[in-house]
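Observations on chain architecture
Chain residues, written in single-letter form:
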Amino acid sequence: EPEVTQTPSHQVTQMGQEVILRCVPISNHLYFYWYRQILGQKVEFLVSFYNNEISEKSEIFDDQFSVERPDGSNFTLKIRSTKLEDSAMYFCASLPRGGETQYFGPGTRLLVL
Amino acid sequence: AQSVTQPDIHITVSEGASLELRCNYSYGATPYLFWYVQSPGQGLQLLLKYFSGDTLVQGIKGFEAEFKRSQSSFNLRKPSVHWSDAAEYFCAVSTNAGKSTFGDGTTLTVKP
């Protein structure tokens, strides 16, 4: 069965550094999402992406965040200048046209020191 | 705006006992409803989902859930809990191609 993949599985970075989290959605899916989960808390929506543009974003998704689908297969989340509070698990998800279920990737655990 | 409430932060049950985890949602139209399970440090595993039709849905690992529109609820049940069911459980609601909104989660502890 096709799966959403994410790389890296773990990343440690210094505060103020830029990080790029990568996701490969399922190939025929058209809607893409990023979520984050701070340790011990619930999963929170960050952004949704469709037709090469952001369709919705949350208050969390400020100017430090950006998303891109650079090559038709990857879907990336960039954090320009990481803060300690960006430490979390980041999940990518994708959805096919007409589908109801988002398929979640395994997550990238980001630790900002 | 859509929202999900899981009233129970932590539930402890004995192995072999029945389980019910509560979930209430708020959304104007008929939502898509989901239950996920997450073990520590792991990803989200989909247990079951409801879109339409039969309001009692069966999922993996012996779980089921019942959609009750009048109560805006989607409670998760299992007749006999196993020690391996100990985990965090999240209820979620989404819309057509829209974002998913998750509840705060319920931590399930299983006593031997």
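Model, not experiment: these values are computed from the prediction.

The next point concerns the nonpolar core. Judged by nonpolar contacts, the single largest core of 26 residues is most densely connected at Leu19, Trp35, Leu47, Leu48, Phe74, Leu76 and Tyr89 of chain B. Only strand 2 (10-14), strand 3 (19-21), strand 5 (32-38), strand 6 (45-50), strand 8 (64-68), strand 9 (73-78), strand 10 (87-94) and strand 12 (106-111) of chain B provide two or more residues apiece to this core. The element that contributes the greatest number of residues to this core is strand 10 of chain B, accounting for 4 residues. Residues contacting Leu48 of chain B, with those up to four places away along its chain left out, are Leu33, Phe34, Trp35, Val57, Gln58, Gly59, Phe63, Glu64, Ala65, Phe74 and Leu76 of chain B. The next biggest cluster of nonpolar side chains, apart from the first, holds 21 residues, and it includes Leu21, Cys23, Phe65 and Ile79 of chain A.

In this complex, chain A contributes 19 residues to the contact, which on the side of chain B involves 21 residues. Each partner contributes to the roughly 1500 Å² buried at the junction of chain A and chain B, and carbon and sulfur atoms together form 57% of this total. Put simply, chain A and chain B have 2 salt bridges between them. For Asp104 of chain B, the salt bridge goes to Lys42 of chain A, with nearest N and O atoms at 3.6 Å. Inspection of the chain A/chain B interface yields 6 residue pairs in polar contact (both at pLDDT 80 or more). Secondary-structure elements contributing two or more residues to the side of chain A that touches chain B are strand 4 (29-37) and strand 9 (88-96) of chain A. For the side of chain A that touches chain B, the leading source of residues is strand 4 of chain A, giving 4 residues. Of the residues that constitute the side of chain A that touches chain B, the class distribution is 10 nonpolar, 5 polar and 4 charged.

This part takes up the sheet that holds strand 8 (residues 75-79) of chain A. Residues and elements named next belong to chain A. Here we have 4 strands laid out as an open sheet, ordered 1-3-8-7, and antiparallel in their pairing. On the outer flanks of this sheet lie strand 1 (5-7) and strand 7 (65-68), each paired with one strand and no other. Within this sheet the neighbouring strands show an average axis-to-axis angle of 20 degrees, counted without direction. Where strand 1 and strand 3 (residues 19-24) come together, 3 bridges link them in antiparallel fashion.

A cis amide bond, omega -10 degrees, links Thr7 of chain A with the succeeding residue Pro8 of chain A. Summarising the element assignment, Pro8 of chain A is placed in the loop between strand 1 and strand 2 (10-13). For Asn52 of chain A, which is not glycine, the phi dihedral falls at a positive 65 degrees. Relative to the elements of secondary structure, Asn52 of chain A occurs in the loop between strand 5 (44-50) and strand 6 (53-57). A positive phi angle, near 50 degrees, is found at Ser72 of chain B, a position not held by glycine. By the secondary structure assignment, Ser72 of chain B is in the loop between strand 8 and strand 9. Look at Ser72 of chain B and you get partly exposed, because its relative accessible area is 27%.

Cut-offs used in this document
- Residues numbered from 1 in each chain as written.
- Chains lettered and ligands numbered in written order.
- Predicted model: local features only at pLDDT ≥ 70, side-chain atom pairs only at ≥ 80, totals over all residues.
- Heavy atoms only, no water.
- Core = buried A, V, L, I, M, F, W, Y, C linked by side-chain atoms within 4.5 Å.
- Buried < 20%, exposed > 50% of the residue type's maximum accessible area, 1.4 Å probe, protein only.
- Helix = DSSP H or I, 4+ residues; strand = E, 2+ residues; numbered from the N terminus.
- Contact = heavy atoms within 4.5 Å.
- Buried area = accessible area lost by both parts, 1.4 Å probe.
- Salt bridge = Lys/Arg side-chain N within 4 Å of Asp/Glu carboxyl O.
- Polar contact = N/O pair within 3.5 Å; in protein donor to acceptor, adjacent residues only side chain to side chain.
- Nonpolar A, V, L, I, M, F, W, Y, C, P; charged D, E, K, R; others polar.
- Pairing = 2+ DSSP bridges.
- Axes fitted to C-alpha atoms, helices over the stretch in contact; angles between N-to-C directions.

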